[in-house]
Amino acid sequence: MANAASGMAVTDECKLKFQELKAKRNYRFIVFKIENFEVVVEKLGSPDETYEDFNAALPANECRYAVFDFDFTTDENCQKSKIFFIAWSPDTSKVREKMVYASSKDRFKRELDGIQVELQATDPSEMSIDIIKSRAI
């Protein structure tokens, strides 16, 4: 099901794994990549993996999309969770790759119903745990 604007298809596995993260909390995070003109699942993070594990799963020189299920405690001592969509586009990645990911992002994000916070990052400092915490509240 390719989009004329971006030419990207989204595999059913992407949608299915996202639903499992959202509803069943089977995963802490999912990393997606574009391969052969479609978005596919690259890595699934188990529920006991940390934000550091998630950061380590993102390649230093290539773009990726990712979702991360962030658990936190509010100032009122309530346990909450927010699902982040992160568009990872490092400065060191190829220009063409950045363009493909940028042009496909909105369509891909629409396929994932339940995203609560979106973050665009070109450098690890732009998606530090402190930034994640501040965006979650």
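All figures in this text were calculated on a predicted structure; none of them were measured in a lab.

1. Quick look at the pairing of strand β6 (residues 117-121)
- Residues V117, L119 and A121 point to one face of β6 and are all buried, whereas E118 and Q120, pointing to the other face, are not buried.
- Note that the unit made of strand β5 (residues 79-88), helix α3 (residues 95-111) and β6 has a crossover that is right-handed.

2. Some details on the packing of aromatic side chains
- In this structure the tally under the stated criterion is 12 aromatic pairs.
- For the pair Y51 and F68, a centre-to-centre distance of 5.0 Å together with 85° between the ring planes defines the contact as edge-to-face. Here F68 lies in strand β4 (residues 64-73) and Y51 lies in helix α2 (residues 51-57), a separation of 17 residues in the sequence.
- Each ring, one from F85 and one from F108, has its centre 6.2 Å from the other, and the planes form 55°; the classification is tilted. Note that F85 is positioned in strand β5 and F108 in helix α3, a separation of 23 residues in sequence. When sorted by exposure, F85 lands in the same class as F108, which is buried.

3. Quick look at the environment of T122
- Inspection of the secondary structure puts T122 in the loop between β6 and α4 (129-136).
- On a C-alpha basis, the gap between T122 and F18 in space is 23 Å, while along the polypeptide they are 104 residues apart.
- Leaving out residues up to four positions away in the same chain, T122 has contacts with W88, S89, P90 and D91.

4. A word on the environment of P124
- Its location among the elements puts P124 in the loop between β6 and α4.
- Given the relative accessible area of 52%, P124 is considered exposed.
- Considering only alpha carbons, one finds P124 and I137, 13 residues apart in sequence, at a separation of 20 Å.

5. What about the sheet that holds strand β3 (residues 38-45)?
- Pairing within the open sheet is mixed, and its six strands lie in the order β1-β3-β2-β4-β5-β6. Lying at the two open borders of the sheet, with one neighbouring strand each, are β1 (9-10) and β6.
- Pairing between strand β2 (residues 29-35) and β4: four bridges, direction antiparallel. Following the sheet pairing, V31 is matched in β4 by A66.
- Sheet strands in contact with α3 are β1, β2, β3, β4, β5 and β6, and its direction is about 55° off that of β4.

6. Quick notes on the pattern of salt bridges
- Scanning all chains against the criterion turns up 13 salt bridges.
- We note a salt bridge from K15 to D12, for which the minimum N-O separation is 3.9 Å. On the criterion of helical spacing, the pair formed by K15 and D12 is a turn pair, its members being three residues apart in helix α1 (residues 12-24).
- Look at D12 and you get exposed, because its relative accessible area is 60%.

What counts and what doesn't
- The numbering scheme is per chain: residues are counted from 1 as the chain's sequence reads.
- Restriction of local features to residues with pLDDT of at least 70 applies here, the model being predicted, together with a cutoff of 80 or more for giving and counting side-chain atom pairs; totals for whole chains, interfaces and linings are based on all residues.
- Excluding hydrogens and water, the side-chain values take into account all heavy atoms of the structure.
- Any residue under 20% of the maximum accessible area for its type is buried, any over 50% is exposed, and the rest in between are partly exposed; the area is computed with a 1.4 Å probe on protein chains only.
- By the criteria applied, helices consist of DSSP H or I runs no shorter than four residues and strands consist of E runs no shorter than two, each listed in order from the N terminus.
- Crossovers are marked right-handed if the path from the first strand over the helix to the second runs clockwise, as seen with the strands pointing away from the viewer.
- Stacked, tilted and edge-to-face are the three classes assigned to paired rings of Phe, Tyr and Trp, where Trp is represented by its six-membered ring and a pair needs centres within 6.5 Å; plane angles under 30 degrees give stacked, over 60 edge-to-face, the rest tilted.
- We call two residues contacting when some pair of their heavy atoms lies within 4.5 Å.
- Think of it this way: DSSP has to see at least two bridges between two strands before they count as a pair.
- Each axis is a line fitted through C-alpha atoms, taken for helices only over the stretch in contact, and angles between the N-to-C directions span 0 to 180 degrees.
- Each salt bridge in this description consists of a side-chain nitrogen of Lys or Arg and a carboxyl oxygen of Asp or Glu lying within 4 Å of one another.

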